[in-house]
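An overview of the molecular structure
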Amino acid sequence: MTAPRTVTAAASPGPGPGPGPARRGWRAPSVIPGFGPTLGITLGYLGLVVLIPLAALVWRSTELGAAAFWDLARDPRTLAALRTSFGAALIAAGVNAVFGALVAWVLVRYRFAGRRLLDAVVDLPFALPTAVAGIALAALYGPQGWLGKPLAALGIQVAYAPAGIVVALVFVGLPFVVRTLQPVIAEIDREWEEAAASLGARRAQTVRRVIAPSLLPAWATGFALALARGVGEYGSVIFIAGNLPHVSEIAPLLIVIKLEEFNYPAATAVGVMMLSISFALLLVINLLQAWNRRRLTDAR
Amino acid sequence: MDVRIDHVRKEFGRFAALDDTSLTIHDGELVALLGPSGSGKTTLLRVLAGLERPSAGRILFGDQDAASLSVQERNIGFVFQHYALFKHMTVLDNVAFGLSVCPARRRPPRAEIAARARRLLALVQIDGLDRRYPDQLSGGQRQRVALARALATDPRVLLLDEPFGALDARVRKDLRHWLRGFHDRTGHTTVFVTHDQDEALELADRVVVMNAGRVEQVADPDTLYDRPASPFVFAFIGDSSSLPATVRAGRLWVAGRALGPVPAADGPVRLFFRPHHARLADTGALVGRVVASRRQGDRRRLDVALRPDAPSDAPSDAPPDAPSDAAGPPHSADLPRPGDAPAASTPVEIDVATDAAPPVGASIRFDITRPSLFPAPAAPRRPIVVAPRPGTALAPPGPKPDRAHAAG
Amino acid sequence: MDVRIDHVRKEFGRFAALDDTSLTIHDGELVALLGPSGSGKTTLLRVLAGLERPSAGRILFGDQDAASLSVQERNIGFVFQHYALFKHMTVLDNVAFGLSVCPARRRPPRAEIAARARRLLALVQIDGLDRRYPDQLSGGQRQRVALARALATDPRVLLLDEPFGALDARVRKDLRHWLRGFHDRTGHTTVFVTHDQDEALELADRVVVMNAGRVEQVADPDTLYDRPASPFVFAFIGDSSSLPATVRAGRLWVAGRALGPVPAADGPVRLFFRPHHARLADTGALVGRVVASRRQGDRRRLDVALRPDAPSDAPSDAPPDAPSDAAGPPHSADLPRPGDAPAASTPVEIDVATDAAPPVGASIRFDITRPSLFPAPAAPRRPIVVAPRPGTALAPPGPKPDRAHAAG
Amino acid sequence: MPANPTAPQAPPPPTGEPPLVRAGLIAVAMAFLAAFLLMPLVSVFAEAFARGPAAFLAAIAEPDALAAIRLTLTVAAIAVPLNIVFGLAAAWAVTKFEFRGKALLVTLIDLPFSVSPVISGLIYVLLFGAGSALGPWLQGHGLQVLFALPGIVLATVFVTLPFVARELIPLMEAQGTAEEEAALTLGAGGWATFRRVTLPNVRFALLYGVLLCNARAMGEFGAVSVVSGHIRGVTNTMPLHVEILYNEYNFLAAFAVATLLALLALVTLAAKTALEWQRSQRRRAAGA
Amino acid sequence: ATPTLLNVSYDPTREFYRDVNAAFAEQWRAETGDRVRVQQSHGGSGKQARAVIDGLMADVVTLAVPVDIDAIAHHSGRIAADWRTRLPHGSAPYTSTIVFLVRADNPKEIADWDDLVRADVAVITPNPKTSGAARLNYLAAWAHALRRFDGDEARVRAFMSRLFANVPVLDTGARGSTTTFVRRGIGDVLLAWENEAHLALRELGADAFDIVRPARSILAEPTVAWVDGHVDARGTRALAQAYLRYLYSAEAQTLAARHFYRPARPEAVDWTRAERLPAMELFSVDAVFGSWSAAQATHFDDGGVFDQIYTPAGKGAR
Ligand SMILES: Nc1ncnc2c1ncn2[C@@H]1O[C@H](COP(=O)(O)OP(=O)(O)OP(=O)(O)O)[C@@H](O)[C@H]1O
Ligand SMILES: Nc1ncnc2c1ncn2[C@@H]1O[C@H](COP(=O)(O)OP(=O)(O)OP(=O)(O)O)[C@@H](O)[C@H]1O
Ligand SMILES: [Mg+2]
Ligand SMILES: [Mg+2]
Ligand SMILES: O=S(=O)([O-])[O-]
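The residue numbering used here restarts from 1 in each chain and proceeds along that chain's sequence as written. Here every chain gets a letter starting at A, and every ligand a number starting at 1, in the order they are written. Only residues with pLDDT of at least 70 are given local features in this predicted model, and only at 80 or more are side-chain atom pairs given and counted; all residues enter the totals for whole chains, interfaces and linings. Excluded from the side-chain calculation are hydrogens and water; included are all heavy atoms of the structure.

1. Observations regarding the overall build of chain E
Counting its regular elements, chain E contains 14 helices and 11 strands. Whereas a compact globule of 318 residues would reach a radius of gyration of roughly 20 Å, chain E reaches 20 Å, a difference of no more than 12%. Per-residue burial for chain E yields a buried fraction of 62% across its 318 residues. Any two residues whose heavy atoms approach within 4.5 Å are treated as being in contact. In chain E, the proportion of contacts linking residues at least 24 apart, taken out of those at least 6 apart, comes to 73%. Charge counting follows a simple rule: Lys and Arg are positive, Asp and Glu are negative, and His as well as the terminal groups are ignored. By convention, charge coordinates are those of NZ in Lys, CZ in Arg, CG in Asp, or CD in Glu. Between the averaged position of the 36 positive side-chain charges in chain E and that of its 39 negative side-chain charges there is a distance of 3 Å. The numbering of helices and of strands both runs from the N terminus, where a helix is a DSSP run of H or I of at least 4 residues and a strand a run of E of at least 2. Values of the radius of gyration come from C-alpha atoms, whereas the globule rule sets the reference at 2.2 Å times the count of residues to the power 0.38. Working definition: with a 1.4 Å probe on protein chains only, accessible area under 20% of the residue-type maximum means buried, over 50% means exposed, and in between means partly exposed.

2. A few points about the side chain of A:Ser214
You can see A:Ser214 is positioned in helix α11 (residues 203-232). Only 3.4 Å separates the side chain of A:Ser214 from the backbone oxygen of A:Val210, close enough to count as a polar contact. The contact partners of A:Ser214, leaving out residues within four places of it in the chain, are A:Val184, A:Ile188, A:Trp192 and B:His88. Distance and chemistry together define a polar contact, namely a pair of N or O atoms within 3.5 Å, with one atom able to donate a hydrogen and the other to accept it when in protein, and with adjacent residues in sequence counting only for side-chain atoms on both sides.

3. Some remarks on the site of ligand 1
Residue and element names in this part refer to chain B. Here a residue is near a molecule or strand as soon as one of its heavy atoms is found within 4 Å of it. Close contacts around ligand 1 come from 13 residues, with Ser-37, Gly-38, Lys-41, Thr-42 and Thr-43 the closest. For ligand 1, an oxygen atom lies 2.7 Å from a polar atom in the backbone of Gly-38. Between ligand 1 and Glu-162 there is a distance of 3.4 Å, counted from an oxygen atom to a side-chain nitrogen or oxygen. Isolated, ligand 1 exposes 620 Å² of accessible area, and the fraction of that covered by the protein chains is 60%. Those elements that provide at least two residues to the shell around ligand 1 are β2 (15-25) and α1 (41-49). Top element by residues in the shell around ligand 1 is α1. It accounts for 3 residues. Here the open area of atoms and residues is found with the Shrake-Rupley method and a 1.4 Å probe, where only the protein chains shown may cover a residue.

4. A short note on the environment of A:Leu283
Residues and elements named next belong to chain A. Structurally, the position occupied by Leu-283 is in helix α14 (residues 264-297). Given the relative accessible area of 29%, Leu-283 is considered partly exposed. Sequence separation of Leu-283 and Ala-224 is 59 residues, and the distance between their C-alpha atoms is 9.3 Å.

5. A look at the interface of chain D and chain E
Every contact between the two is made by 20 residues of chain D and, on the other side, 27 residues of chain E. Two parts placed together each lose some accessible area under a 1.4 Å probe, and adding up what both lose gives the buried area. For the pair chain D and chain E, the two sides together bury roughly 2,000 Å², of which 53% comes from carbon and sulfur. Broken down residue by residue, the surface that chain D buries against chain E is led by D:Phe147, D:Asn247 and D:Tyr249, which jointly contribute 31%. For this analysis, a salt bridge means a side-chain nitrogen from Lys or Arg found within 4 Å of a carboxyl oxygen belonging to Asp or Glu. Inspection of the region where chain D meets chain E yields 2 salt bridges. Here chain D is connected to chain E by 8 residue pairs in polar contact (both at pLDDT 80 or more).

6. Remarks on the UniProt feature "domain: ABC transmembrane type-1" (unreviewed entry) in chain A
UniProt positions are given in the numbering used here, feature names are shortened, and annotations may be inferred rather than shown by experiment. In the UniProt entry, the feature "domain: ABC transmembrane type-1" (unreviewed entry) is given for residues 82-285 of chain A. In this annotation, residues 82-285 of chain A is assigned 77% helix and 0% strand; the end-to-end C-alpha distance for the span is 20 Å.

7. Re the packing of helix α2 (residues 45-53) of chain E against helix α3 (residues 66-76) of chain E
Residues and elements named next belong to chain E. In this analysis, axes come from line fits to C-alpha atoms, helices being fitted only over the stretch in contact, and the angle between any two N-to-C directions falls in the range 0 to 180 degrees. Axis separation between α2 and α3 bottoms out at 9 Å; the angle between their running directions is 20 degrees. In this view, α2 runs roughly parallel relative to α3, as classed from their interaxial angle. Pair α2 / α3 crosses with right-handed handedness. Touching Ser-45, Gly-46, Ala-49, Val-52 and Ile-53 of α2 are Asp-68, Ala-71, Ile-72, His-75 and Ser-76, all from α3. Only Asp, Glu, Lys and Arg are considered charged, only Ala, Val, Leu, Ile, Met, Phe, Trp, Tyr, Cys and Pro nonpolar, and every remaining residue, Gly among them, polar. In the contact of α2 with α3, the residues fall into 5 nonpolar, 4 polar and 1 charged. Throughout, the term roughly parallel applies to angles under 35 degrees, roughly antiparallel to angles over 145, roughly perpendicular to angles from 65 to 115, and oblique to all others. Two helices crossing with the near one rotated counterclockwise from the far one by less than a right angle form a left-handed crossing, whereas a clockwise rotation gives a right-handed crossing.

8. Regarding the pairing of strand β13 (residues 257-261) of chain C
Residues and elements named next belong to chain C. Along β13, 4 of the 5 residues are buried, which leaves the element largely enclosed by surrounding structure. Strand pairing requires that DSSP identify at least two bridges connecting the strands. The pairing of strand β12 (residues 251-254) with β13 spans 4 bridges and is classified as antiparallel. Bridged to Leu-252 within β13 is Gly-260. Here β12 hands over to β13 after 2 residues, with Ala-255 in that stretch at a positive phi of 45 degrees.

9. A word on the interface of chain A and chain D
One frequent convention defines the size of an interface as the accessible area lost when the parts assemble. With 98 residues of chain A at the interface, the matching set in chain D holds 86 residues. Applying the counting rule to chain A against chain D returns 1 salt bridge. Its salt-bridge partner being D:Glu17, residue A:Arg203 comes within 2.8 Å of it at the nearest N-O pair. Among the elements that line the side of chain A that touches chain D, the one with the most residues is helix α2 (residues 35-61) of chain A, at 17 residues. Of the residues belonging to the side of chain A that touches chain D, the class tally is 71 nonpolar, 16 polar and 11 charged.

10. As for the sheet that holds strand β1 (residues 4-9) of chain E
All names here are of chain E. Taken in spatial order, the 4 strands of this open sheet run β2-β1-β3-β9, and their pairing is mixed. Each edge of the sheet is formed by a strand with only one pairing partner; in this case those strands are β2 (37-41) and β9 (223-226). Strand-to-strand twist in this sheet, taken as the mean axis angle between neighbours without regard to direction, amounts to 20 degrees. Looking at chain direction, strand β3 (residues 60-63) and β9 are connected through 4 bridges and run antiparallel. Bridged to Val-61 within β9 is Ala-225. The strands that α2 touches are β1, β2 and β3; relative to β3, the one it contacts most, it runs at about 160 degrees.

11. Some remarks on the packing of aromatic side chains
Given two aromatic rings, their pairing is described by the distance between the two centres and the angle made by the two planes. Between rings of Phe, Tyr and Trp, where Trp is taken as its six-membered ring, a pair exists when centres lie within 6.5 Å; planes separated by under 30 degrees are stacked, by over 60 edge-to-face, and by other angles tilted. All told, the structure shown has 49 aromatic pairs over all chains when counted by the stated rule. Ring centres 5.1 Å apart and planes at 80 degrees place the aromatic pair E:Phe24 and E:Tyr243 in the edge-to-face group. Residue E:Phe24 is located in helix α1 (residues 14-32), and its partner E:Tyr243 is located in helix α10 (residues 237-246); the two are separated by 219 residues in the primary sequence. You can call E:Phe24 buried: its relative accessible area is 1%. Given a relative accessible area of 0%, E:Tyr243 falls into the buried group. On the basis of an interplanar angle of 55 degrees and a centroid distance of 5.5 Å, the ring pair of E:Phe24 and E:Tyr246 is categorised as tilted. With E:Phe24 in helix α1 and E:Tyr246 in helix α10, this residue pair connects regions lying 222 residues apart in the sequence. An aromatic cluster is present here, built from E:Tyr138, E:Trp142, E:Phe164, E:Phe300, E:Phe306 and E:Tyr310 joined pairwise through their rings. Two conditions define a charge located above a ring, namely a distance within 6 Å from the ring centre to NZ of Lys or CZ of Arg, and an angle within 35 degrees of the ring normal. The ring of B:Phe61 carries B:Arg156 above its face, with NZ or CZ at 4.9 Å from the centroid. Lying across the ring of E:Trp226, E:Arg86 places its NZ or CZ 3.9 Å from the centre.

What follows is the structure in structure tokens.
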């Protein structure tokens, strides 16, 4: 209640229609200038760069026709590739959710030698070309690699197996989880932990029942972003995946294969399938979050 | 069970936030920690709760040394200034938290926990809001949830850090009132922190005045208000004005005029008085001009600039060796000169009845019915004159004080 | 230049935050907007500043309709509740901002801007902090920087939204005092928002009391306190208690007893009085038991539970048709029964001198020296009895009131 | 801090973990980062410097590598500013105003994160390819989009579009509009308010967003690969050049160029740290 | 400005065309006095064909297999349908074949195609769907099996299934497979273009690997064509034709031999500057499969034989 009112206003739904000279119906009046130009730039740019090209994608996929689209969607190879992509991305996002949260916690809460270096390294997957990452990871986790050799001795094969896909996707998705959680952890009120302790909660109980739930929304966002990114990842995966059909063939590779067959409609159709699934995932998580925010704050 | 704080010291780096603090809190008492910002109030509370470890000294719960007890084991109810409610839990879950995390063998069954939490919510009079989340509550409601949550584990001591600090003036007043009643009904040993003297005086059985990491005075509200132990307490508790003054030959001189005989040794002193201990009188010893006037509740408060150079009409009982001119008594090099510039330039505050208030700009005369003298600054802090009880007002002989002003 | 607010209405969605508000602010005046949370104070200030556009009505600066003026053109100094200082700028840059963004032809040279900003900082008495950043300042210091910043462009009107809301009790008092002095020296037309009645009464030339988007009363502090225009104002300004009462045959009946003749038509009424308008007297008309007692500044405040069933010793001037038993006068279905449960269960507050305070649990008798009557709820809001001036206290015949309490 | 002589034995700290747990968590986090991020990085560096710094420099100074670096810098120099303008405009529109459809707009801004790089390139092929209506027409007017700079820029812009906006939106949302309103009441116009009040307030988030955007713009492989045409010395960006070198069994040169890109991530940190340090110095000087 | 020519080629030809382009430019300058700069684009052969279809302004295409140029001709119409007849030797200035690269001293004793289906042998080949080289590997193995099983297609399919069951990694391109085999140490045998195998030996260590030549293998015919639509638009037709004809010159043929291709005109080669590759029995795609397009349609198109090999029943999904 002490928050500046503008923030409260931002959380409330848009105004209903009403009389008055300052009203335009679909937006709340504001004295702050620049609405027209900035929204214009935003929509224009989004339209040109994102919407029109994606519309072209969808349009091209319709050339396939509904029946063929349906056949493609049911094709075991397509299904297997989608399963591999989403499965690996899910596992990787799960790994990232756990370890990314741990990394974020350690980076925010503790002071230790090398912290800044680790903090910097987290951005690495954004900077390193995915192909280089894939090559480096394949070298590292291959049977002769620094990590692959000891793992192989334990009978664990990472590179050229589905596990390799997961490794590449962990690499690619980690910054999304860490960077989403870091500011939220920094914001956690120390007094919550103290309050829980003064109420008799042991540390583990405090972490499980107080800290974890308060991180949940950001956690979900990080997870969703890592997942969405992982599903589409191509460059780093093909070097380490093995690419065997039905086993370690990812959906983006399937797109490439369709393209090699000059089958644009099928390629775009697979693309549209992936896009709609991951967009739906993102949307669901966003809606859940919006619902959760409303649940926690809306006065009744 | 009493709580004893025994020569506790708490350092942050080089800085001592608490400096040799001792205090006993009696069973069932409602104690206020009062002091300016940074005086160590929160630190003391946190040391009590076990959220900080003392650098030296001991905390005793009854006969038990608290040093070996973790926060969890102390069984303390702590209400944080900004409540620290768990945002993602409903009001009911917040209140039930303490019970639901206690070790399985002592934990009541689920239904019993919920029932107890509901009873507590009824106790703090916000039943019916169980299913809300903290962000859906007003400040005052949150305050009560925090209290209910702290009470759920049946704590030995209840600690509240500025429980009303974040609330509206009006809500603050209501809750203050409510908390006192609540304490009277339930009888928990309670310590609360505040920097609002009205709140401390109104609520607490005893008030601990803290300053710079030390306890300045511990007393009940009346004693604190009527017989402050130091200039700091005088100035901090209640409104007051202070003036440099001099005692010469058993008489008090202020702003170039003699006020009357005082039982104090000669030398520079500092005179303190409260606004309502001033009394307008045509024959008043102090002369000044009203520079501001404002409504304050049922009276008017005047800012009065003293005029050291105004001719004194008071019966001349100035010491014989004092010249009667504007310069006041002759000053020696080591004494501040009575009637010095500060006295004239910083106005003093006096209260008058609304229907008797002189307009701004008017020249007035007034007496001080109950002055307190403390040594001039940079000397030890004990008062050298305990102010006489009202009725023996320190004022030059004259007509009896108008009681309307004296008591107002 | 006067500022006129002319039938202004402001809606957010379906909700009218301001509902037909009219008000004139005179040149050089210091006006307080006082009201509970959500009453529309901030909205009114923001409409004045041009930060919100009214849904209906006009704002006039002198003769100029403000509708044609943008925020920038209004030349208003606005001090935000949380100051909204520019975090990334030094104090000096904050203050200089307004001058440094004005159109090049009117903009003073750089050195002149800095010099002016320094003069302003000296004016608000925080010179020497030029190079600090806002979060290196205390609340009070930030407040002053915000004020200096707002003054830099020499605004026609100064608007302050809860200028002291975020400050400590003590700092709040100091700054309040200081602001009044500052206004008197500089003479800016100033409107400030508060929900603290003490603050409004103490500071303002005139106080605008707002409630639910409407202006309830506009008056100087004395009038507001002494002659509130509505029960809302009575309850909101100063402490007060209220009791259901009945007028029958020109006499006032409370809790089963007759208080005295009143010039009002028969019917149910609501009786309001302030704590210091109660007077202990052995022959008092009202009987109750002290349920709580607390120190409040220089007096004690008692919570008194009225006892409707206690035998009345007051001279019997009850109406002849009223039975003298505990049930009070006979009640008809459409009248609240005098002496109803609420009156007995909600204690009333009265003030007594500290040295005359009865202990908790004592039975006492008291009179109300200055009652105000308003129609019982759900009727128009005009008072039906303007309380008589003190001295003509509404009390049963008896000994003259003790003046110490009457005026206190 | 002086130890408490009277304490028999220390109870666990009220908040935070016991030292042992803390050390364990740090170790796990370090091990995880080492296995997934640090070791790949080290292996890239190790390969790059396998034959000493002279060979490293020679690999980078090679004309095709220089051409790739030049192209990459050119692409970033166009794409990043475009996305800065877009990010600032979008963040301003989204955070300073209330309007319908805002949630959808924000989701659309996030959309490129969820698009496969292969698709990100493909959509421009569909739009500007020889089989489309637009491509040949543009080419007829002398504008080659695909397999030339414009196509590479477009794909890069698409892939990096969310970075700046995403950094800015949460921060500006949290900051609200109070300071902007204050600036308006002080007579500042829209542009002055933006430049002197909003921009400085978000400059660290903006900087961070720009650095991430830039890192990704320079490092993008998949999408650019689709629209580049791989013309040696002309349309090969650094990541594509790395692939080519790698495929030529020129591992040293491949990793040397990759190292340049990885260094970028570290420069991000250096710049961030330096700026924060400089600011804290300035503030310390002021606060004294 | 210097006129430029864009040669869109496939992955393994980088080193070869680097030399050819330099030699051509020199010769062009000597003949006409004009400068010329040949720009190269390399990538997977199929991907390169698609880039040209999508508008990459290639003047000449020099791709791994004729079908890729057929695809350009068919989908874009920018190459005349009779392009194979426009240059000598069916527009294939140099040829190659598929050989086996094995680890030093051939520990698994791999000698011929039949060894590839042994249970203890891991075979490295790229994915025929994305790599031209892989298609040749596949077709070669198929042709071998077809002969061995006397045209019994069921047994041929079983042979191919067992072969691909031995493939642990399907890289997307020939170079990826080489890296997997050579650098990552995966697999016992790499199926590679002959020139690729020699290059790998030279670049990555001659002592670590041996080349094994099967008794019979397939004739790989990398073909070349100018892109009529583009050379006309850019006015480079003469230059493009001169460039492609130059590939048949003594100098270019020598360079091809030096880069381990089998020159179309061995008689023109200066063998002092190149090594002679051992003679092998090679069969052409046209001879075994009718035509490249027929082979492509039967085996590699969507749902073709290759896809059937990988359809579950035989191979379990994860
Ligand atoms: N964790 C800490 N580290 C360093 N100094 C601290 C810490 N906690 C408190 N202090 C310092 O100790 C002193 C006392 O702080 P404390 O919070 O107890 O004051 P307080 O009386 O509660 O003040 P306030 O009314 O402002 O809350 C202050 O000077 C403060 O700066
Ligand atoms: N931007 C807005 N959108 C919707 N409702 C609003 C908006 N601003 C104010 N309101 C509503 O208008 C009413 C008046 O608000 P306003 O802020 O003026 O109250 P106030 O008197 O300043 O209260 P407080 O003392 O709490 O600051 C409130 O009910 C508030 O919820
Ligand atoms: Mg504190
Ligand atoms: Mg407000
Ligand atoms: O370059 S290939 O297509 O032959 O792999």
